[in-house]
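Residues per chain are reported as follows:
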Amino acid sequence: MKGFCRKIPALLAFILTPSVALAAEGRIDTGDTTWLLVSAALVMLMTPGLALFYGGMVRRKNVLGTIMHSFIALAVITIQWILIGYTLSFGPDVNGFIGSLAWFGLKGVGVEPSSYAPTVPHLAFMIYQAMFAIITPALISGAFAERMKFSAYLLFILLWATFVYDPVAHWIWGGGWLSKLGVLDFAGGIVVHATAGVSALAAAIIVGSRRGYPEEPMTPHNLPMTVLGAGLLWFGWFGFNAGSALASGGLATVALVNTHTAAASATLTWIIVEWLRYGKPTMFGAATGCIAGLATITPAAGFVTPMSALIIGIAAGIICFMGLKAKGKIGYDDSLDAFGVHGIGGVLGTLSIGLLATTAINPGGANGILYGNAHQMTVQLIGAGVVALYSLVVSVIILKIIDWTVGLRIDEESEVQGLDVTQHGEEGYFF
Amino acid sequence: MKMVSAVIKHYRLDEVRKALLDAGVQGMTIVDVKGFGRQKGQLEVYRGVEYEVTFLPKVKIEVAVPDERVEDVIDAIISGARTGEIGDGKIFVYDLQDVVRIRTGKRGKEAI
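Predicted model only: the values in this text are computed from it and were never measured.

## So, the packing of helix H10 (residues 283-297) of chain A against helix H11 (residues 306-330) of chain A
Residue and element names in this part refer to chain A.
Then step 1. Interhelical geometry of H10 versus H11 gives an angle of 120° and a closest axis separation of 8 Å. The angle between the axes of H10 and H11 places the two elements in the oblique class. At the point where H10 passes H11, the crossing takes the right-handed sense. Counted together, Thr288, Ala292, Gly293, Thr296 and Ile297 of H10 and Ala309, Ile312, Ala316, Cys320 and Leu324 of H11 form the full contact between these two elements.

Next comes the structure, spelled out in structure tokens:
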């Protein structure tokens, strides 16, 4: 006790001493800083957007529980990020594998620019990256919607962010071994969508199917809510992809145009495929198609031309549609298609860099096969493959540990009643 | 007295209400219902998964009428609800034992 009391002043000093030294105004570009801060806000809005996107797809008894999965990530992962997540991802490199704890609790992370983004305050880069760390575990929640215990979910996102997201972010963006290998991922095709998608597949299989799946109809209860969510995601994605230029200007503009183009071509492709296959183009298909296009263009947004983005969107529409159909044949219950859209889209987009990237768009990138460099495809395959395998293995370990300790699933009675009443003691609708 | 109950399409409700008013009906009760008849359900596709939706939404109206007005009311409902397509619905007529107006305590035909 006495020892602890003696430590209090030191602890207070740590909490109260501002790491923010207001000195570096000279090198800071106000345009770049403005754009990155606005982008952080845009990406933040994607998580409530995802909440609505997923919330509309579940049955009405699970609407709040599903929305909560995304919304609570804003709180949990923000705290995780400022304490340890940021330093593990972007802190000084340890053997190419992880960031050191030197920046624990944002120690030394102030308004002085960092090497990651030399014209903006380090804190702006940090909070922008926080928004990516938040939405990524929330994406996975679509795989085990309508049946996961809330306490188990909190534990899962905390462990997953720490042991999957943070190391992979370090490998690709934090100066780790995959970035040294030359793997390109502009805004998170590997770091966000491949990690989340592959982990979602593992989670859907380990948590198991919803009771009654697939015999019982489990139709979306509110598709307008899903479309509202898709709209917010599309809007926020401009911050996600164009913000990843980490500066305002030409590259951010190309990334924004590419993002919008791929979203549009994937939306159109998806409803055309549906129209041909089932006779009717659906709103749900249009909303799904735009997200598939956005997820797929994410890694390539700052490396390809707008015409390539158009092609990437078409490929996303066709291949993600086929991926969703495969679910029914193989028989796992990835309820809201987190793997089918994000896993497949993320990997597809990562490989599209190997084919379509050009240094004419981004001198900091590389050329793909069509621009005379076959090597980049090999590098992209290694990057996507290693990260997919790592995400799969670590996710399985985390899920098994949670299952053996607190248990992953709610009991049968609760599943029949729904997450809203049994996990949260409230209902989404009274009418 | 009779209770005339009809299951009709939602979008015909206002036409039926007008026809019943013209036929001198003083009040009616409606409720949203789901069901199927000879029309059966319909096939819906969500992200490529096909669901047979067996129960379709309809609206049910209930009108209490004196015996001599039953045919008029049935005609009014038909005139308002009929489109000639499958799924126009059905009318059910059954005996009504009593009616009580709560405010005055009046019973029977006068309370309708």
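That shown, we press on.
## A closer look at the sheet that holds strand S6 (residues 90-95) of chain B
Residues and elements named next belong to chain B.
Then step 1. Reading across from one edge, S2-S5-S1-S6 is the order of the 4 strands in this open sheet, with antiparallel pairing throughout. Whereas interior strands pair on both sides, the edge strands pair on one side only; in this sheet they are strand S2 (29-35) and S6. Taking the axes of each pair of neighbouring strands and ignoring which way they run, one obtains an average angle of 25° across the sheet.
Then step 2. Contacting strand S1 (2-8), S2 and strand S5 (56-65), helix H1 (residues 13-22) runs over the sheet at an angle of about 10° to S5.

## Focus: the packing of aromatic side chains
Residue and element names in this part refer to chain A.
Then step 1. As enumerated under the stated definition, the model contains 25 aromatic pairs over all chains in all.
Then step 2. Seen in terms of ring centroids, Phe53 and Tyr54 are 6.0 Å apart; in terms of plane orientation they differ by 35°. Their pairing is tilted.
Then step 3. Judged by relative accessible area, which is 2%, Phe53 ranks as buried.
Then step 4. Grouping aromatic residues by their ring pairs yields a cluster made of Trp81, Tyr86, Phe90, Trp103, Tyr116, Phe125 and Tyr165.

## Here we look at the interface of chain B and chain A
The parts lose accessible area when they come together, and the size of an interface is often stated as this lost area.
Then step 1. Facing 6 residues of chain B, the contacting portion of chain A comprises 15 residues.
Then step 2. Broken down residue by residue, the surface that chain B buries against chain A is led by Tyr46(B), Arg47(B) and Tyr51(B), which jointly contribute 71%.
Then step 3. At the boundary of chain B with chain A, the tally comes to 1 salt bridge.
Then step 4. Note that Asp337(A) and Arg47(B) form a salt bridge whose closest N and O atoms lie 3.0 Å from each other.
Then step 5. Seen at the junction of chain B and chain A, the total is 5 residue pairs in polar contact (both at pLDDT 80 or more).
Then step 6. Sorting the residues of the side of chain B that touches chain A by element identifies strand S3 (42-46) and strand S4 (49-53) of chain B as the ones contributing at least two each.
Then step 7. Split into classes, the residues belonging to the side of chain B that touches chain A amount to 3 nonpolar, 1 polar and 2 charged.

So, how was this worked out
- Along each chain, numbering runs from 1 in the same order as the chain's sequence is written.
- Ligands are numbered from 1 and chains lettered from A, in the order in which they are written.
- Only residues with pLDDT of at least 70 are given local features in this predicted model, and only at 80 or more are side-chain atom pairs given and counted; all residues enter the totals for whole chains, interfaces and linings.
- Side-chain figures throughout are based on the complete set of non-hydrogen atoms in the structure, without hydrogens or water.
- Here the axes come from fitting lines to C-alpha atoms, over the contacting stretch only for helices, and the angles between their N-to-C directions go from 0 to 180 degrees.
- Under the scheme used here, helices are H or I runs from DSSP no shorter than 4 residues and strands are E runs no shorter than 2 residues, and both carry numbers assigned from the N terminus.
- Note that the term roughly parallel is reserved for angles under 35 degrees, roughly antiparallel for angles over 145, roughly perpendicular for angles of 65 to 115, and oblique for everything else.
- When the near helix sits turned anticlockwise from the far one by under a right angle, the crossing is termed left-handed; a clockwise turn instead gives a right-handed crossing.
- We call two residues in contact when some of their heavy atoms are within 4.5 Å.
- Only strands that DSSP links by at least two bridges are regarded as paired with each other.
- Put simply, two rings from Phe, Tyr or Trp (the six-membered ring, in Trp's case) pair if the centres are within 6.5 Å, and we call them stacked under 30 degrees between planes, edge-to-face over 60, tilted for the rest.
- Each residue's exposure class comes from its accessible area (1.4 Å probe, protein chains only) as a fraction of the maximum for that residue type: buried when under 20%, exposed when over 50%, partly exposed otherwise.
- Accessible area, probed at 1.4 Å, shrinks when two parts are joined; the buried area is that loss added up over both.
- Definition used for salt bridges: Asp or Glu carboxyl oxygen within 4 Å of a side-chain nitrogen of Lys or Arg.
- Whenever two N or O atoms come within 3.5 Å, that pair is a polar contact, provided that in protein one can donate a hydrogen and the other can accept it, and provided that, for residues adjacent in sequence, both atoms are side-chain atoms.
- Note on residue classes: Ala, Val, Leu, Ile, Met, Phe, Trp, Tyr, Cys and Pro are nonpolar, Asp, Glu, Lys and Arg are charged, and everything else, Gly too, is polar.

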